[in-house]
Amino acid sequence: MKVFHGKSVFSGTAIGIIQVYKKGGQQVRRIQVEDTGCEVNRYRQATQTAKEQLKKLYEKSVKEVGEANAAIFEIHQVMLEDVDFQDSIENMICTQSVNAEYAVAQTADNFAQMFSAMEDDYMRERAADVKDISERLLSVLHGTGKANMDTAGPAIIIADDLAPSETVQLDKDMVLSFVTVHGSLNSHTAILARTMGIPALVCAPLPLDDSIDGKYAAVDGTNGVIYIEPDKETLERMRKKQEEEQKRAELLLTLKGKENITLDGHKIMLYANIGSMKDMAAVLENDAEGIGLFRSEFIYLQNDRFPTEEEQFAIYRSVAQTMAGKRVIIRTLDIGADKSCDYFQLDKEENPAMGLRAIRICLTRPRILKTQLRALYRASAFGKIAIMYPMITSLTEIRKIKEIAAQVKEELDTQGIRYNEPEQGIMIETPAAVMISDLLAEEVDFFSIGTNDLTQYALAVDRQNMALDEFYDPHHPAVLRMISMVVENAHKAGIRTGICGELGADTSLTKEFLAMGVDELSVSPGSILPIRQIVRNTDIGAYRAKLEAGC
Ligand code: PEP
Ligand code: MG
């Protein structure tokens, strides 16, 4: 048995086979082949496997996100069988005597270029789909990456590090746990792991080679340990732990459908944080009362070009409709820092966390914000959408946002496009916003405290730097006092305040937050029921009295 220690991102136990995750972005080399017939066969078999993967993905997606959203996987199956596409690949293999990988990559490039040059919006968007199916084919041909995860059974994924965009593309049903050699506890990848509700570790110094690939292992997410080829005693202990966790999870399920109301009658809003439509199944399963933070930047991160208004509209409408009248707070894009997107063509910065990110990009390039706001306003006609702006530091920013929103509404009015009036809120995640929260509260409909960034900026600790993890302390009295101050200022102005940073899910603080008067907690879907249990067992009045008495 080999034991490696890492840092726990999400608790829970996973037992299964390890799969070492090889990075996407397939390297394709041109290789001269003699037996072209054999290459054509390899290509045809890869097409068959890719189609089977897509069929499974379609069936799974229909269940999780509905038929309309799953349709893309049907389109991909049809594209794989496109006669021109197939002919071009087979022709290239036979006439140039090249390997299947090269022919697939070349043909896909040619087709993608052809689609990109088309006038019609719909056809232009097909360029990304060609790229997608060619990557799938290449994965199958290489026997690596995403395709591997689709075909192998559920596995413990081990990787050097995972970018947020890679994490969102993991097939949740195929991931028992993930463990990375690098990565920080506060990175967006870690946040996604919590959203997926699976045991995960970062900073585990594992060798990423055959010495662990395919080996049986147990991950103890609670204590941050992975056991490779665990001995009998360890395996038994881990199995017992897993059974206890399952029993607890079943108990928590008895809380489904119950109100988030304290013993002394205070109603708390318990919402979910999501990064994409894929998380909606977990939102519904865990009985969230609404969405408190939809990190819309993931729509941008999953693309290799700006998502169009139509694409965004379809996603926002779908979330609003799925939540069927419950509140959905969608945050405008928070690109920058660790969430980088090549096509934004942002200059390299010395200090990206303090650089051009989030609302700063939107205000310096208002076209981007306008497109997103148009999509959001249009989607507001289909549910209860609220819009939230990240990284606010000043009243001037709010005024500029309002001007842009007014222009968007005017355009929609002129075009006769209907919309509702979404609530307008801001994230409080900079010390500046905390200090002027009394003034900001007069300008907006709600606050949501982003404790991840607030901790970073208040304590001057880079949340991405794993060497600083011991200094990154969201329990620091400075952070807790800031939260309390924001709630007080919000209530004075008659608006509500939530917490949507990771601290909101810290059950050791739930009672304290309730005592401060926090109105809403927005957490990873898997944390909703444990918090509901605490809320329902708390008497806020009695707890405040206890605090005042100093016990
Ligand atoms: C936060 O900063 O707490 C937050 C919720 O936003 P993000 O983690 O996406 O920066
Ligand atoms: Mg933030």
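Before any of the text, the structure's been laid out above.
Residues numbered from 1 in each chain as written. Chains lettered and ligands numbered in written order. Predicted model: local features only at pLDDT ≥ 70, side-chain atom pairs only at ≥ 80, totals over all residues. Heavy atoms only, no water.

### Describing the pattern of salt bridges
To keep it simple, the criterion reads: Criterion for a salt bridge: a side-chain nitrogen of Lys or Arg within 4 Å of a carboxyl oxygen of Asp or Glu. Secondary structure follows DSSP: runs of H or I at least 4 residues long count as helices, runs of E at least 2 residues long count as strands, and numbering of each begins at the N terminus. Only protein chains enter the accessibility calculation, which uses a 1.4 Å probe; a residue whose area is less than 20% of its type maximum is buried, one above 50% is exposed, and one in between is partly exposed.
Going through the model one piece at a time under the given rule, you end up with 29 salt bridges. For the salt bridge of E90 with R44, the shortest nitrogen-to-oxygen distance reads 2.8 Å. You can see E90 sitting in helix α3 (residues 83-96) and its partner R44 sitting in helix α1 (residues 36-65), a full 46 residues away along the chain. Close ionic contact of E421 with K409 constitutes a salt bridge, the shortest N to O distance being 2.7 Å. Residue E421 is found in the loop between α15 (395-414) and β13 (423-428), and its partner K409 is found in helix α15; the two are separated by twelve residues along the sequence. Judged by its relative accessible area of 53%, E421 is exposed. The network of salt bridges with shared partners includes E297, R331, D334, K339, R357, D453 and R463.

### What to know about the packing of aromatic side chains
Cut-off, in case you're wondering: What counts as a ring pair is set by centres within 6.5 Å for rings of Phe, Tyr and Trp (its six-membered ring), and what kind of pair is set by the plane angle: stacked under 30 degrees, edge-to-face over 60, tilted for all other angles. Only Lys NZ and Arg CZ are tested; either one counts as a charge over a ring when it is within 6 Å of the ring centre and within 35 degrees of the ring normal.
Counted under the stated rule, the structure contains eight aromatic pairs. For the ring pair F313 and F382, a centre distance of 5.9 Å and an interplane angle of 65 degrees mean the geometry is edge-to-face. Of the two residues, F313 sits in helix α12 (residues 309-322) while F382 sits in the loop between α14 (366-379) and β12 (384-389), which places them 69 residues apart along the sequence. By relative accessible area, F382 is classed as partly exposed at 30%. Ring pairing ties together the aromatic residues Y300, F306, Y343 and F344, which thus form one cluster. Positioned above the aromatic ring of F313, the side-chain terminus of R378 is 4.0 Å from the ring centre.

### Some details on the sheet that holds strand β1 (residues 2-5)
Rules: Note on pairing: two strands pair once DSSP finds at least 2 bridges between them. Note on definitions: angles span 0 to 180 degrees between N-to-C directions of axes, and those axes are lines fitted to C-alpha atoms, for helices only across the stretch in contact. Any two residues whose heavy atoms approach within 4.5 Å at even a single point are treated as in contact.
Overall, mixed pairing links the eight strands, which are arranged β1-β8-β7-β3-β4-β5-β6-β2 in an open sheet. A single partner strand is all that each edge strand has here, and the edge strands are β1 and β2 (7-10). The mean inter-strand angle of the sheet, taken between neighbouring strand axes irrespective of direction, is 30 degrees. Note that strand β5 (residues 175-180) and strand β6 (residues 200-202) share two bridges and pair parallel. Counterpart to F178 in the pairing with β6 is A200. Across the sheet, helix α9 (residues 232-253) lies against β3 (13-20), β7 (216-220) and β8 (225-228), angled at about 115 degrees from β3, the strand it touches most.

### Re α9
For clarity, the threshold we go by: Residue count minus one, scaled by 1.5 Å, sets the expected span of a helix. Comment: arc refers to directions from the helix axis out to C-beta atoms.
In this model α9 runs 32 Å from its N-terminal to its C-terminal C-alpha over 22 residues, within 8% of the 32 Å that 1.5 Å per residue would give. Those residues of α9 that fall on the buried side of the exposure criterion are T234, L235, M238, K241 and L252. All buried residues of α9 fall inside an arc of 125 degrees around its axis, so they share one side. With respect to the buried face of α9, the exposed residues turned more than 90 degrees away are K232, E233, E236, K240, K247 and E250. Those residues of α9 that are buried lie in contact with β3, β7, β8 and α21 (528-536).

### What to know about the site of ligand 1
Our working rule: Any residue with a non-hydrogen atom lying within 4 Å of a molecule or strand is treated as near it. Each accessible area is a Shrake-Rupley result for a 1.4 Å probe, and residues are judged covered by the shown protein chains and nothing else. Classification used: nonpolar for Ala, Val, Leu, Ile, Met, Phe, Trp, Tyr, Cys and Pro, charged for Asp, Glu, Lys and Arg, polar for all others including Gly.
Lining the immediate surroundings of ligand 1 are 17 residues, of which R295, R331, G450, N452 and R463 lie closest. In isolation ligand 1 exposes 290 Å². Once the protein is present, 100% of that is buried. In terms of residue count, the dominant contributor to the shell around ligand 1 is helix α18 (residues 451-459) (three residues). In terms of residue class, the shell around ligand 1 is made up of four nonpolar, five polar and eight charged.

### Things to note about the coordination of the magnesium ion (ligand 2)
This is how it is decided: Distances up to 2.8 Å from the metal define which N, O and S atoms are donors, and 3.2 Å serves for Na, K and Ca; water is absent from the atom set, so sites may look incomplete.
Coordination sphere of the magnesium ion (ligand 2), protein contribution only: E429 (OE) and D453 (OD), at 2.0 to 2.1 Å. Residue E429 is located in the loop between β13 and α16 (431-435), and its partner D453 is located in helix α18; the two are separated by 24 residues in the primary sequence. Neither residue differs from the other here; E429 and D453 are each classed as buried.

### Let's talk about the sheet that holds β13
Spatially, β9-β10-β11-β12-β13-β14-β15-β16 is the arrangement adopted by the eight strands of the closed barrel, whose pairing is parallel. Across the sheet, the axes of successive neighbouring strands diverge by a mean angle of 25 degrees, strand direction being ignored. In this sheet, strand β15 (residues 496-499) lies alongside strand β14 (residues 446-449) in parallel orientation, the contact comprising four bridges. The partner of S448 across the bridge, within β15, is G498. The strands touched by α12 are β9 (269-274), β10 (291-295), β11 (327-331) and β12; relative to β10, the strand with the most contacts, the crossing angle is about 160 degrees.

### Details of the pairing of β12
Across the six residues of β12, five count as buried, placing the element largely inside the fold. Alignment of β11 against β12, held across five bridges, turns out to be parallel. Of the residues in β12, the one forming a bridge with I330 is I387. When β12 meets β13, the two strands line up parallel, connected through four bridges. Among the inter-strand pairings, I387 is bridged to a residue of β13, identified as Q424.

### Some details on the nonpolar core
We count it as follows: Only buried residues count toward a nonpolar core, which is a set of Ala, Val, Leu, Ile, Met, Phe, Trp, Tyr and Cys residues joined through side-chain atoms within 4.5 Å.
By size, the foremost hydrophobic cluster in this structure holds 83 residues, and its most contacted members are L373, F447, I483 and F513. If we skip the residues at most four places from it in the chain, L373 touches T332, I387, Y389, I404, A405 and V408.

### With respect to unusual backbone geometry
A positive phi angle is found at D287, which is not glycine, with a value near 65 degrees. Backbone geometry at A337 places phi at a positive 55 degrees, although glycine is not the residue there. Mapped onto the fold, A337 is located in the loop between β11 and α13 (359-364).

### Focus: the environment of L293
Structurally, L293 can be placed in strand β10. Along the backbone, L293 and K240 are 53 residues apart, and their C-alpha atoms lie at a distance of 35 Å. Not counting chain neighbours up to four residues away, the residues in contact with L293 comprise A272, N273, I274, I329, R331, M388, C500 and S522.

### Examining the packing of α12 against α14
Test applied: What makes a crossing left-handed is the near helix being turned counterclockwise from the far one by less than a right angle; a clockwise turn instead makes it right-handed.
Contact geometry for α12 and α14: axes closest at 8 Å, N-to-C directions at 35 degrees. Considering the relative orientation of α12 and α14, their crossing is right-handed. When α12 is examined against α14, the residues E309, E310, Q312, F313, Y316, R317 and A320 are found in contact with a partner set consisting of T371, Q372, R374, A375, L376, R378 and A379. Looking at the contact of α12 with α14 residue by residue, the classes come out as six nonpolar, three polar and five charged.

### Some words on the side chain of H76
Position of H76 relative to the elements: it lies in helix α2 (residues 67-80). Note on H76: relative accessible area 4%, which makes it buried. Discounting residues that sit within four places of it in the chain, H76 has contacts with L54, D129, D132 and I133.

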